[in-house]
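Below, each chain spelled out in residue letters.
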Amino acid sequence: DDALKAAVEGFYARLVKDPALAHFFESIDLNFLKRHQVMFMRIAFTGIPPGMDVPKMIKDKHMRLFAVGLDEGHFDLVAGHLVAQLQSMGVSQPLVDEVVSVVGPLRACFEQGALEQRIAARQKWMVQGAALTAGLAVVALY
């Protein structure tokens, strides 16, 4: 458990220093986030309970970040930092590969979450555009 906590501590130190990721951590309680990450990793690496919908949970937890541009490219950066942190701690390559096999499939959650956010933003823009057009038409009648 101490090794997991140390890995998470080093992992977040890397994330907040990355200029492409740092803005996602502004105004965030990092201690809370680290505790949550330790719990999630413990579950992910020891067995996900039946009925736990991990993709939905991931998307729900990151929804506000998708709204400010989080996407699969950021996931790739985060995953890279996770691997680098584990390697810096001397974790064996087979164990690093196992971690990647657990974390890697979650990339699809970030692809989907970002896509859904882009679609929602486009729909909102279209509705606002239609309302503006309708308002201009009403003004033109007067």
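That block above? That's the structure.
Residues numbered from 1 in each chain as written. Predicted model: local features only at pLDDT ≥ 70, side-chain atom pairs only at ≥ 80, totals over all residues. Heavy atoms only, no water.

J.: Looking at this structure, how should I read the nonpolar core?
T.: Of all hydrophobic cores here, the largest spans 27 residues; its most connected members are I58, L82, L106 and F110. At the level of elements, α1 (2-17), α2 (30-46), α3 (54-66), α4 (72-88), α5 (93-103) and α6 (107-141) are the ones that each hand at least two residues to this core. Per element, the largest residue contribution to this core is five residues, and it comes from α1. Here L106 is in contact with F40, V54, I58 and F75, once residues within four sequence places are set aside. (Core = buried A, V, L, I, M, F, W, Y, C linked by side-chain atoms within 4.5 Å. Buried < 20%, exposed > 50% of the residue type's maximum accessible area, 1.4 Å probe, protein only. Helix = DSSP H or I, 4+ residues; strand = E, 2+ residues; numbered from the N terminus. Contact = heavy atoms within 4.5 Å.)

J.: Even after reading the chapter, I still don't get the packing of aromatic side chains, so can you show me in this structure?
T.: Each aromatic ring pair is specified by the distance between its two centres and by the angle formed by the two planes. The full count for this structure, using the stated rule, is four aromatic pairs. Plain terms: the ring middles of F66 and F110 are 5.9 Å apart, the flat faces sit at 70 degrees to each other, and that makes the pair edge-to-face. Remark: F110 occurs in helix α6 and F66 occurs in helix α3; sequence separation between them is 44 residues. For the pair shown, F66 and F110 are each scored as buried. (Phe/Tyr/Trp six-rings, centres within 6.5 Å; stacked < 30°, edge-to-face > 60°.)

J.: I tried to follow the layout of surface pockets on my own but got confused; where do I start?
T.: Remark: the empty space left among the atoms is shown by a probe the size of a water molecule rolled over them. If you add up the space inside the largest pocket, you get close to 800 Å³. Forming the boundary of the largest pocket are 31 residues, of which Y12, L33, Q37, H62 and F110 lie nearest the centre. Elements represented by at least two residues in the lining of the largest pocket include exactly α1, α2, α3 and α4. No other element matches the eight residues that α2 contributes to the lining of the largest pocket. When its volume is computed, the second largest pocket comes out at roughly 320 Å³. Lining the second largest pocket are 14 residues, and of these L4, F45, L86, L95 and V99 sit closest to its centre. If one sorts the elements of the lining of the second largest pocket by residue count, α2 sits on top with four residues. Split into classes, the residues belonging to the lining of the second largest pocket amount to eleven nonpolar, one polar and two charged. (1 Å grid on protein atoms, 1.4 Å probe; cavity = no way out; pocket = protein on both sides within 12 Å on 5 of 7 lines; lining within 4 Å. Points joined across faces, edges and corners; volume = space filled by probe spheres on them. Nonpolar A, V, L, I, M, F, W, Y, C, P; charged D, E, K, R; others polar.)

J.: Explain the environment of E111 to me, please; I cannot follow it from the model alone.
T.: Inspection of the secondary structure assignment puts E111 in helix α6. The spatial distance from the C-alpha of E111 to the C-alpha of G73 is 8.7 Å, given a sequence separation of 38 residues.

J.: Please explain the packing of α4 against α5 as it appears in this structure.
T.: When two helices pack together, their arrangement is given by the angle between the helix axes and by the axis-to-axis distance. Packing of α4 against α5 brings their axes to within 10 Å, and their N-to-C directions diverge by 155 degrees. Relative to α5, the element α4 lies roughly antiparallel. Remark: the crossing between α4 and α5 carries right-handed chirality. Each of F75, L82, V83, L86 and Q87 in α4 lies in contact with α5, whose residues at this interface are Q93, V96, V99, V100 and V103. Classifying every residue of the contact of α4 with α5 by side-chain character gives eight nonpolar, two polar and no charged. (Axes fitted to C-alpha atoms, helices over the stretch in contact; angles between N-to-C directions. Parallel < 35°, antiparallel > 145°, perpendicular 65-115°, else oblique. Left-handed = near helix turned anticlockwise from the far one by under 90°.)

J.: Which parts of the structure should I look at to understand unusual backbone geometry?
T.: Leaving glycine out, the prevailing phi sign among residues is negative, and the prevailing peptide bond configuration is trans. For S27, which is not glycine, the phi torsion reads 60 degrees and is therefore positive. Taking the relative accessible area as the measure of exposure, S27 reaches 81% and is therefore exposed.

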